[in-house]
Amino acid sequence: MSYREYKSLQRQNEKIKLTQRGAKSDTVLSAPDKPLIIIVTFLVIIGFLAIFSATAPKCSREGVNLLSFLLKQVFFAGVGFFCMAKLAGFDYKKLEKFNYKFLWIVLVLLCIVKFTPLGLEINGARRWMNLGFMQLQPSEFAKPLFCMLLASAFKDRVNLTDGKLWTKVFVPLIIVLFLVFKQPNLSMVIILLMTGLALYLAAGGPMLLLGIMGGVVGVGLISIIPKLLQGYQMDRITIWLNPGSDAQGKGYNIIQSLIAFASGGFSGTGYGGSIQKLAYLPECHTDFIFSIIAEEFGLLGCFFIIGLFAALVHRGMVIAKRCPDMYGKLLAIGITFIFGFQAFLNMSVASSLLPVTGVTLPFISYGGTSIIVFLSMIGILLNISKQRIKRARTENE
């Protein structure tokens, strides 16, 4: 037997084993999606570089280790990669069993933040739980929660008139939205609502019913939204339309962000060459980290980051398309949508395309809870990618 024949026989035996393991669901098992792993690794490494560049001047002014923020982010990323690896090896179909346990955990954490002394208020928002060694942001866990619950609710058919679904799924999620809104965290509410809409459409929800409900909700919001929104939230919309009306006050952040984009030009000032991070642009390591990247790497750097997120969304959609069951498809679509939509929001805010929302850039902005949750969601997506619809092959293929 020649070496080529031996290798061919070995490949056939491996295919037979994989097919036998996935025979019950008419699927084959494969390795996790490698392009997705590469894309996420690139984004995390870029995040490390951007966080160090953005925080080194701040650390120098405060007299602490220049690597302080970077080392914390590396630690949290390590935890996130550990969770990613564990979830990549955990069958996503078994996640449904943990839906309501996870729901109760998120509800309890949100109530602790809202009603106990453990809740930490920063810049007028009570979104964090002070654990001493880190600040936990429970609202981040609502992202995978929405994907899990709505994927389960919509996997068979979309029925918004089912009383059991309202009791077990929709009402609890509305309570989660209310607690997040009262922090206040309107940007997170927008992300969760848009994720729900994306899953509804992906599951084939009736457009007529959606139009009727959207019209009713829209009319209601027009009448009550001025009362619901906090004063600073209305100010953000006003300043977005005319940042120069309060250039040294509420419009300061967005003006400084636009200066960073203008300074970067086509190729940027070079790594570490940002001027805006020298106490000119607040929150430059979180909400406005894309502005620092734009200043140091210019239009080319911005296109590279946008390209990575576009590639991530593409891989997520490919994984969803190949998934053999509806629950996995919807779960993959929900997770992928969150990555793409939040990245779009952050970059749009930094470039003044949208009003300031306080949304971080996935995998890149500084934040312990954020990167742990995002990498965990990637782990779920990788596990979904391991199960694919079995394809018929010809003898010559």
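Remember, predicted model here, so these are calculated numbers, not experimental data. (Residues numbered from 1 in each chain as written. Predicted model: local features only at pLDDT ≥ 70, side-chain atom pairs only at ≥ 80, totals over all residues. Heavy atoms only, no water.)

In this fold, Gly316 is placed in helix α11 (residues 289-322). Gly316 gets classed as buried once you look at its relative accessible area, which sits at 0%. In this structure, the C-alpha to C-alpha distance between Gly316 and Ile333, residues 17 residues apart in sequence, is 6.9 Å. (Helix = DSSP H or I, 4+ residues; strand = E, 2+ residues; numbered from the N terminus. Buried < 20%, exposed > 50% of the residue type's maximum accessible area, 1.4 Å probe, protein only.)

Let us now look at the packing of aromatic side chains. In the structure shown here, the tally under the stated rule is 13 aromatic pairs. Grouping aromatic residues by their ring pairs yields a cluster made of Phe154, Trp166, Phe170 and Tyr200. (Phe/Tyr/Trp six-rings, centres within 6.5 Å; stacked < 30°, edge-to-face > 60°.)

All right, on to the pattern of salt bridges then. Here the structure, examined in full by the defined rule, presents 5 salt bridges. Across the salt bridge formed by Glu62 and Lys58, the nearest N and O atoms sit 3.2 Å from each other. Remark: Lys58 and Glu62 occur in helix α2 (residues 34-62); sequence separation between them is 4 residues, near one turn of the helix. Exposure remark for Glu62: the relative accessible area of 49% places this residue in the partly exposed category. (Salt bridge = Lys/Arg side-chain N within 4 Å of Asp/Glu carboxyl O.)

What follows is about a nonpolar patch on the surface. A surface patch of nonpolar side chains, amounting to about 410 Å² of accessible area, comprises Ile190, Met194, Leu197, Leu201 and Met207. Of all the elements, helix α7 (residues 186-202) adds the most residues to the nonpolar patch, at 4 residues. Counting through the fold element by element, Met194 comes out in helix α7. (Patch = residues over 30% accessible without salt bridge, like charges linked within 9 Å, V, L, I, M, F, W, Y side chains within 5 Å. Areas by Shrake-Rupley, 256 points an atom, 1.4 Å probe, with all protein chains shown as cover.)

The terminal C-alpha atoms of helix α3 (residues 68-88) lie 30 Å apart, and with 21 residues this matches the ideal 30 Å at 1.5 Å per residue to within 8%. Along α3, the positions that sit buried rather than exposed are Phe69, Leu70, Gln73, Phe76, Ala77, Gly80, Met84 and Ala88. With its buried residues spanning 130° around the axis, α3 presents them on a single face. Opposite the packed face of α3, turned more than 90 degrees from it, sit the exposed residues Phe75, Phe82, Ala85 and Lys86. The elements touched by buried residues of α3 are α2 and α13 (368-385). (Expected span 1.5 Å × (residues − 1). Arc of directions from axis to C-beta. Contact = heavy atoms within 4.5 Å.)

Turning our eyes to something else, we now look at α2. Under the 1.5 Å per step criterion, the end-to-end length of α2 is 41 Å for 29 residues, consistent within 8% with the ideal 42 Å. The sharpest bend along α2 reaches about 40° and sits at Thr55, with the proline Pro57 one to four residues further on. Two or three places before Leu36, at the start of α2, stands the capping residue Asp33, its side-chain oxygen 3.0 Å from that residue's backbone nitrogen. Positioned one or two residues after α2, Gly63 has a phi angle of 70°, which is positive. (Bend = angle between axes of the 7 residues up to and from the residue. Polar contact = N/O pair within 3.5 Å; in protein donor to acceptor, adjacent residues only side chain to side chain.)

This part covers the side chain of Asp325. You can see Asp325 is positioned in the loop between α11 and α12 (326-350). In this structure the side chain of Asp325 is engaged in a polar contact, spanning 2.3 Å, whose partner is the side chain of Tyr92. Dropping the residues within four chain positions of it, Asp325 is found in contact with Tyr92 and Lys93.

Going from Gln183 to Pro184, the amide bond is cis rather than trans, its omega being -5°. You can see Pro184 is positioned in the loop between α6 (163-181) and α7. The phi angle at Phe363 is positive, at roughly 70°, despite the residue not being glycine. Position of Phe363 among the secondary structure elements: in the loop between α12 and α13.

So, on to the nonpolar core. Grouped together as the largest cluster of nonpolar side chains are 99 residues, with contacts concentrated most on Phe154, Val176, Phe309, Leu331, Phe363 and Ile364. The contact partners of Phe363, leaving out residues within four places of it in the chain, are Val40, Leu43, Val44, Gly47, Phe309, Leu312, Phe339, Ile371, Phe374, Leu375 and Ile378. (Core = buried A, V, L, I, M, F, W, Y, C linked by side-chain atoms within 4.5 Å.)

Quick look at the packing of α2 against α11 now. Where α2 meets α11, the closest approach of the two axes is 10 Å, and the angle between their N-to-C directions is 160°. Here α11 runs roughly antiparallel to α2, going by the angle between their axes. For the pair α2 and α11, the crossing hand works out as left-handed. On α11, the residues touching Pro35, Leu36, Ile39, Val40, Phe42, Leu43, Ile46, Ala50, Ile51 and Ser53 of α2 are Ile289, Ile293, Glu296, Phe304, Ile305, Leu308, Phe309, Ala311, Leu312, Arg315 and Ile319. For the contact of α2 with α11, the class distribution of residues is 18 nonpolar, 1 polar and 2 charged. (Axes fitted to C-alpha atoms, helices over the stretch in contact; angles between N-to-C directions. Parallel < 35°, antiparallel > 145°, perpendicular 65-115°, else oblique. Left-handed = near helix turned anticlockwise from the far one by under 90°. Nonpolar A, V, L, I, M, F, W, Y, C, P; charged D, E, K, R; others polar.)

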